[in-house]
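An overview of the molecular structure
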Protein chains: 2
Amino acid sequence: MKNPWIQTISLTPPTLQDNTADTDRLLIALKARLNTDALHIDLDLIKKLPTIMRESNYTVCCIVFKDRHRWVLVDVTSANDARVIAGLAIDLGTTQVVLRLLDLRNGRTINESAFDNPQESIGPDILARIHFAARQEGLEKLKALIIDGLNTAILSLCEDNQLEPQNLYMLAVAGNTTMTHLFMGLDPRWIIREPYIPVVNTPEILKAQTLGLRVHPRARVLIFPNVASYFGGDLIAGILFSEIYQNDETAILVDVGTNAEVVLGNKNWLMACAGAAGPALEGGVTRMGMTAGPGVIDQIEIDPDSHEIRIHTIEALTPIGICGSGVIDLAAQLFLAGMIDVRGRFVPEICGSRLKEIDGILHLVVVPADQAAIGADLTISQADVDSLIRSKAAMYTILKTITAAVGISFDKLDTFYIAGTFGSFINPGSAISIGMLPDLPLKRYKSLGNSCLGGATLALTSDNYLDEIDDIRNRITYLELNVNQEFMNRFSAAKFLPHTDPKRFPSVEIKKT
Amino acid sequence: MKNPWIQTISLTPPTLQDNTADTDRLLIALKARLNTDALHIDLDLIKKLPTIMRESNYTVCCIVFKDRHRWVLVDVTSANDARVIAGLAIDLGTTQVVLRLLDLRNGRTINESAFDNPQESIGPDILARIHFAARQEGLEKLKALIIDGLNTAILSLCEDNQLEPQNLYMLAVAGNTTMTHLFMGLDPRWIIREPYIPVVNTPEILKAQTLGLRVHPRARVLIFPNVASYFGGDLIAGILFSEIYQNDETAILVDVGTNAEVVLGNKNWLMACAGAAGPALEGGVTRMGMTAGPGVIDQIEIDPDSHEIRIHTIEALTPIGICGSGVIDLAAQLFLAGMIDVRGRFVPEICGSRLKEIDGILHLVVVPADQAAIGADLTISQADVDSLIRSKAAMYTILKTITAAVGISFDKLDTFYIAGTFGSFINPGSAISIGMLPDLPLKRYKSLGNSCLGGATLALTSDNYLDEIDDIRNRITYLELNVNQEFMNRFSAAKFLPHTDPKRFPSVEIKKT
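As a starting point, this report considers the structure included with it. (Residues numbered from 1 in each chain as written. Chains lettered and ligands numbered in written order. Predicted model: local features only at pLDDT ≥ 70, side-chain atom pairs only at ≥ 80, totals over all residues. Heavy atoms only, no water.)

Here we come to the interface of chain B and chain A. Listed by partner, the interface residues are 45 residues for chain B and 45 residues for chain A. In this assembly, chain B packs against chain A so that about 3800 Å² is buried in total across both faces, 63% of it on carbon and sulfur atoms. Arg70 of chain B is the salt-bridge partner of Asp67 of chain A, the closest N and O atoms lying 3.9 Å from each other. At the boundary of chain B with chain A, the tally comes to 18 residue pairs in polar contact (both at pLDDT 80 or more). Taken together, the residues of the side of chain B that touches chain A break down into 23 nonpolar, 11 polar and 11 charged. (Contact = heavy atoms within 4.5 Å. Buried area = accessible area lost by both parts, 1.4 Å probe. Salt bridge = Lys/Arg side-chain N within 4 Å of Asp/Glu carboxyl O. Polar contact = N/O pair within 3.5 Å; in protein donor to acceptor, adjacent residues only side chain to side chain. Nonpolar A, V, L, I, M, F, W, Y, C, P; charged D, E, K, R; others polar.)

What follows is the structure, given as structure tokens:
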């Protein structure tokens, strides 16, 4: 598919008999090419046109973008302009921001980079940042942090790839509702207050200049719309990327993180919900928990007979901690080996000398100090396991609630997409073993990787996607979990390993025995 | 007709069951009210919305304007905001700028003011300003002059009427092609160079802030489109005001000035042309010529027997000079009294002692020094009369050419509109006597006054007019006189009083005898 962003237009030069103005001459031809009546041009570009058109003998290269009710002529250059004309997809994460640089002539990825969201200096989570935004100049500071961070990362990414930031003509930004609010400088205060109302669901296409982004000043920025305070544009990007919105068969998409965000549907309908799952699933629960990186334990196996714990670390380095997928593996293996019971309590008879009491709380030593890089035991505490169980119970309950709301049982779902960078590391078998994900054949689980970045990238490859994004947003029926009483009942039942009703997890029964 | 600019909207406050964002909640309701899909809102207004909506209990006053492919939400205030919400129509003249302040709630005029275009300090005419624009910083200086002049006049007009400039939410600006280019900061260089191409025919609706106008920063500015370099938005405004574009009967509209601009047509077709008429018709030809003002001669009669010259001055003061309409009266009376012949030469036998030779050129004393306020004779020279004859010949030729181009004779025109402030002072009888206007019954001549300002005012009274303005512009067939050979032949024949073919002016024949 050829994207429409770059159009070479050859015009008949003006004569006494054909005295249409420069701007109108170009717009008429470009409207015909794009098959549109509505094409906007900024005044500062109009100012440049007479010179560009005459110097290029009326054959020019037009860079266009699609707004909701009109096309936008972003820039006009000489037809033999050989520069790379670039776009940038941005995954605006609470923790990490990922950039993907695209060549707009062919849609190909030039390069990627990532940086920690500088708003972490204010607070690690959304709530802390929203509270900070209410302070004097707090919102301005949060906005400046992310915009400055982006500008630094963009400059660096451009330098690494022999581009000028001026070559960047269009950006697609997907993030959760709070992150996009802070990015636009919108007050997020009502997001966390009942009835949880964002300032805006569907932001307009904005000029980069308006936002303070140092790319081409007329570059256009598409910000993915949100459905609700807790269901953001990152999820809409994920749905776009997953294609579940255009398939016949019903599928489910789960973004696993501090919040569990779930979409269920097909080409005819889409239902979504989101709920707090706690930080446990992202490795934020244990003292030794951390995000994935070199030396971090990401896979664990426990020998069912010897109870020996075998770990795998990223880049096979001496372990420094454990990430979310490692914690899920650990809990699953501890449960299957009988080292924790159905309530998640350590079983002293089986854990043996690995159990230690520290500050009155039982800890299980995963890696002894002499084999760890931190000069101390890497342990998981009873409190850590309890926290993980609450998180996994929340996730399962959310999945159960949304499927029950439309009367679909899990086994009718042909595909179970796991979205998000973190999600892509989860071992579905382990997640099933602890009752976090339903007991479906493993081949039905598909990891989408960074589906948020994938969706943002798609948006820069065809003018059709803007309509599809709005269509997805508008089709979603949002199920508000906060007001659902059944949720609490289901949650209590899910706080066992794998569940109070083990028949729901037959494969785990088999593995246990 | 109620204008649509101010809409009071009562919204249902958000609940857990209805968690649409503030912005989207308002836009959905306003779109339904305006019956549109396309409604734009600026980011800085979105930032204010949550507070305004909550403080006003979700009943708000919306100020909207119509752009070409979408509506624009310009501001949102409390529903009990009692301020005047104002608009401003601007006649952006080369010589004079006229402002009309409107109450947008009812479309009524609050007040008017005028000021001399400060670009006159650069040069009195378009040509001098275009040459100046080519200098280093020349264009910027010209733009700053008109914008600063407007800001000063706006502030003063607002103060006089107990308004803040912030109350001004929409502006409609009509001017000739060069004036609107300088207003937008667009390089006018190609306007005066064959093939005479403007930078833009149809400017976008702009934000006041973009132009540097100190009114409400989000106020929208409608700039009337032009048809060609010498047929500007002032004429489009005039056509709108005259309504000739929607009538069954064919009418003609003439704007008399340094350029003669003519439109011929009806609801089915419109043809236009423009040509240089020289400064004579605006009083710029004689040393004693000036624009209308106190003490300026605006009417003249000559007794056919005694040849006594009876003058009328504005405010009946001792005369200081003569304006364009006075010069036309004077030439007509001199001709009817036999004091100039068919070639416009002074007839010494009849002029008698009123003729004086100054620097080798014959002058006719209109007011002797002892009756004038300037301490010297007020005279008209042979060169002045020659110049006037060239101007009137150009005007008549333009009228003849455009009517011939569509095969309509003058007597088929039921209405002959004279547009422009200057035009409203012309005595059609005198203009006929010198053969400047065709010999039609006087009642067919209708003065439109400041039709440019009238059209700009209309544009602020209904959202339908933007479409009509574009429709008028697009329907006009522009007849390029510069390439018309017949024009020169007709011009030569028209350089007689009233014409080489006196049968075309039967009423003048009768008056002469």
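Residues and elements named next belong to chain B. Among the 7 residues in strand S5 (residues 86–92), 7 count as buried, and that is most of the element. Because side chains alternate across S5, one face comprises the buried residues Ala86, Leu88, Ile90 and Leu92, and the other comprises Gly87, Ala89 and Asp91, equally buried. Pairing analysis gives 7 bridges linking S5 to strand S6 (residues 96–103), with the strands arranged antiparallel. Its bridge partner lying in S6, Ala89 is registered against Arg100. Remark: 3 residues form the turn of the hairpin made by S5 and S6, two consecutive strands paired antiparallel. Note that S5 and strand S8 (residues 168–175) share 7 bridges and pair parallel. In the strand pairing of S8, Ile90 is matched with Val173. (Buried < 20%, exposed > 50% of the residue type's maximum accessible area, 1.4 Å probe, protein only. Helix = DSSP H or I, 4+ residues; strand = E, 2+ residues; numbered from the N terminus. Pairing = 2+ DSSP bridges.)

Let us now look at helix H13 (residues 464–475) of chain B. All names here are of chain B. With 12 residues, H13 should reach 16 Å at 1.5 Å per residue; the first-to-last C-alpha distance of 17 Å fits that figure. Restricting attention to buried positions, one finds in H13 the residues Tyr465, Leu466, Ile469, Asp470, Ile472 and Arg473. On an axial view of H13, the arc spanned by its buried residues comes to 155 degrees, and they lie on one face. Looking at the packing, one finds that the buried side of H13 touches strand S3 (59–66), strand S10 (220–223), helix H7 (233–242), strand S13 (270–276), helix H12 (451–459) and strand S22 (476–478). (Expected span 1.5 Å × (residues − 1). Arc of directions from axis to C-beta.)

So, on to the sheet that holds strand S12 (residues 259–265) of chain B. Residues and elements named next belong to chain B. Pairing within the open sheet is mixed, and its 6 strands lie in the order S21-S20-S11-S12-S13-S22. Each of the sheet's edge strands pairs with one partner strand only, and the pair in question is strand S21 (445–449) and S22. Recorded for the sheet is a direction-independent mean angle of 25 degrees between the axes of neighbouring strands. Where S13 meets S22, 3 bridges bridge the pair, whose relative direction is parallel. Across the sheet, Met271 pairs through a bridge with Thr477, a residue of S22. Most of the contacts of H13 go to S22, to which it runs at about 35 degrees, and overall it touches S13 and S22. (Axes fitted to C-alpha atoms, helices over the stretch in contact; angles between N-to-C directions.)

Moving on to the relation of the copies chain B and chain A. When chain B is fitted onto chain A, the two copies agree to an RMSD of 0.2 Å after a turn of 179 degrees and an axial shift of 0.0 Å. The transformation just described matches what one would write down for a two-fold rotation axis. Identified as the residue of chain B closest to the rotation axis by C-alpha distance is His69 of chain B, at 3.4 Å. Counting the interface residues of chain B, we find that 100% of their copies in chain A are interface residues as well, pointing to one common contact surface. (Least-squares fit on C-alpha atoms with pLDDT ≥ 70 in both.)

Our next topic: the side chain of Thr401 of chain A. Residues and elements named next belong to chain A. You can see Thr401 is positioned in helix H10 (residues 382–406). The class for Thr401 is buried, based on a relative accessible area of 3%. A distance of 2.6 Å separates the side chain of Thr401 from the backbone oxygen of Thr397, its partner in a polar contact.

A word on H10 of chain A. Residues and elements named next belong to chain A. Taking 1.5 Å per residue, 25 residues should reach 36 Å; H10 reaches 37 Å between its end C-alpha atoms and fits that length. H10 sits mainly inside the fold: 18 of its 25 residues count as buried. Capping the start of H10, Ser381 holds a side-chain oxygen 3.3 Å from the backbone nitrogen of Ala383, two or three residues further along. Phi turns positive, to about 70 degrees, at Gly407, one or two residues after H10.

Turning our eyes to something else, we now look at the nonpolar core. Core analysis: the largest hydrophobic core is formed by 112 residues, its most contacted members being Leu150 and Phe183 of chain A together with Leu73, Phe224 and Phe231 of chain B. With 9 residues, helix H4 (residues 138–160) of chain A is the largest single contributor of residues to this core. If we skip the residues at most four places from it in the chain, Phe183 of chain A touches Leu92, Lys143, Ile146, Ile147, Leu150, Val173, Leu211, Leu213, Val221 and Ile223 of chain A. Formed by 110 residues, the second largest nonpolar core is a distinct cluster that contains Ala172 and Ile239 of chain A together with Val97 and Val221 of chain B. (Core = buried A, V, L, I, M, F, W, Y, C linked by side-chain atoms within 4.5 Å.)

Here we take up unusual backbone geometry. Cis geometry marks the peptide bond from Glu194 of chain A to Pro195 of chain A, where omega comes out at 5 degrees. With respect to the helices, strands and loops of the structure, Pro195 of chain A is situated in the loop between helix H5 (177–184) and strand S9 (206–207). Of the consecutive residues Leu497 of chain B and Pro498 of chain B, the connecting peptide bond is found in the cis state with omega at -10 degrees. On the secondary structure map, Pro498 of chain B appears in the loop between helix H14 (485–493) and helix H15 (506–512). With phi around 55 degrees, Asn57 of chain B is a residue other than glycine that occupies positive phi space. Residue classification places Asn57 of chain B among the exposed residues on the basis of a relative accessible area of 62%.

Another aspect to go through is the sheet that holds strand S17 (residues 355–358) of chain A. Residue and element names in this part refer to chain A. With antiparallel pairing, the 3 strands of this open sheet are ordered in space as S17-S18-S19. The open sheet has two free edges, formed respectively by S17 and strand S19 (378–381), since each of these has just one partner strand. Ignoring strand direction, the axes of neighbouring strands in this sheet form an average angle of 45 degrees. Here strand S18 (residues 361–367) runs beside S19; their pairing, made up of 4 bridges, is antiparallel. Directly across from His363, in S19, lies its bridge partner Ser381.

Treat this as a map of the structure, not an account of what it does.
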